[in-house]
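Structural overview
In case you want the letters, here they are:
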Amino acid sequence: MNPKNHVSLILSLVLILLLSTLAKIYLNANAEFNLAEEFASKNNFKDAVTHYERSIQWHLPGLNLQERAAEGLWKVAQKYEAEEDFENAINAYRLLRGAFYSVRSFYTPGKIWIQRCNEKIAILMAKKPATSESEKSKSYEERLKENLRLLSSEKPPKPFWAMLAVFGFFGWIACAVLFIIYAIKKTGEIQTRPALFWGAGFLLFYGLWIAGLFFT
């Protein structure tokens, strides 16, 4: 096979994989959102919270569906708060906050939602009865300020590891394709040298991908 054809084949396969991945993310996000809305309409807020969170976690930049899921989860949290079910309200706000943190890469999406959740969690936590002597000695305002400070302190995204994850992802896909082209004969036999070379490349890039995901 002509080297130019190899490049075209690899690029085509990568493009197909990328488009299918984007389609999968969108379809899953939409399915989770519809489930959440269905549960919310039946006042099954426990399951609604779970599926709103999952919809946000199937994140695509610019996808309005995540905003709608965040609004839905926020409304559930506010409903719990209005009913003075503070534990479930705090949990819902934390899930909304954590959902956006779990999908950050080069940047942190949903910063406005995170800030709003920080304020709500800080207020509700400060209202709870103090459980230690040190907490009992602090006023409501002091506990509120401390809670807000702790919630607002965050570790910024790590662009290097995010880039490494992307690099590793496309690297192991390319190595897998090249392994099939160069290491496997038409008869189905494995050629040792190209198999070792592209197999090692696959493991290397796969390791970089996992490391990038882990440390991002």
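Further up the page is the structure itself.
Heads up: these notes are all about the structure in this document.

Cut-off values and rules
Residues numbered from 1 in each chain as written. Predicted model: local features only at pLDDT ≥ 70, side-chain atom pairs only at ≥ 80, totals over all residues. Heavy atoms only, no water. Helix = DSSP H or I, 4+ residues; strand = E, 2+ residues; numbered from the N terminus. Buried < 20%, exposed > 50% of the residue type's maximum accessible area, 1.4 Å probe, protein only. Contact = heavy atoms within 4.5 Å. Phe/Tyr/Trp six-rings, centres within 6.5 Å; stacked < 30°, edge-to-face > 60°. Lys NZ or Arg CZ within 6 Å of the ring centre and 35° of its normal. Axes fitted to C-alpha atoms, helices over the stretch in contact; angles between N-to-C directions. Parallel < 35°, antiparallel > 145°, perpendicular 65-115°, else oblique. Left-handed = near helix turned anticlockwise from the far one by under 90°. Patch = residues over 30% accessible without salt bridge, like charges linked within 9 Å, V, L, I, M, F, W, Y side chains within 5 Å. Areas by Shrake-Rupley, 256 points an atom, 1.4 Å probe, with all protein chains shown as cover. Salt bridge = Lys/Arg side-chain N within 4 Å of Asp/Glu carboxyl O. Expected span 1.5 Å × (residues − 1). Arc of directions from axis to C-beta.

1. Quick notes on the overall build of the protein chain
Counting its regular elements, the protein chain contains 9 helices and 0 strands. Seen in sequence order, the protein chain has helices and strands lined up from the N terminus as α-α-α-α-α-α-α-α-α. With respect to the three principal axes, the spread of C-alpha positions in the protein chain is 75 × 40 × 25 Å. The buried share of the protein chain, reckoned over its 216 residues, is 34%. For the protein chain, the proportion of contacts with a sequence separation of at least 24, taken over those separated by at least 6, is 61%.

2. Some details on the packing of aromatic side chains
Scanning the entire structure with this criterion turns up 16 aromatic pairs. Here Phe169 and Trp172 contribute two aromatic rings whose centre-to-centre distance is 5.9 Å and whose plane-to-plane angle is 90°, an arrangement assigned as edge-to-face. One end of the pair is Phe169 and the other is Trp172, both in helix α8 (residues 159–183) and 3 residues apart, which spans about a single turn. A network of ring pairs unites the aromatic residues Phe169, Phe170, Trp172, Phe202, Tyr206 and Trp209 as a single cluster. Above the ring of Trp74, the side-chain terminus of Arg116 is found at 4.1 Å from the ring centroid.

3. Observations concerning the packing of helix α4 (residues 86–101) against helix α5 (residues 111–127)
Two numbers describe how α4 lies on α5: the axes approach to 9 Å, and their chain directions differ by 155°. Accordingly, the angle class assigned to the pair α4 and α5 is roughly antiparallel. Considering the relative orientation of α4 and α5, their crossing is left-handed. Of α5, the residues touching α4 (which contributes Phe86, Ala89, Ile90, Tyr93, Arg94, Leu96, Arg97, Phe100 and Tyr101) are Trp113, Ile114, Cys117, Asn118, Lys120, Ile121, Leu124 and Met125.

4. Some words on a nonpolar patch on the surface
A cluster of nonpolar residues, Leu15, Leu18, Leu19 and Leu22, forms a patch on the protein surface that exposes about 340 Å² of accessible area. One can find Leu19 in helix α1 (residues 3–41).

5. Quick look at helix α7 (residues 140–152)
With 13 residues, α7 should reach 18 Å at 1.5 Å per residue; the first-to-last C-alpha distance of 18 Å fits that figure. Among the residues of α7, those classed as buried are Arg143, Asn147 and Leu151. On an axial view of α7, the arc spanned by its buried residues comes to 65°, and they lie on one face. Turned more than 90 degrees away from the buried face of α7 sit Glu141, Lys145 and Arg149, all of them exposed. The elements touched by buried residues of α7 are α4, α5 and α6 (133–136).

Keep in mind these values describe shape, not function.
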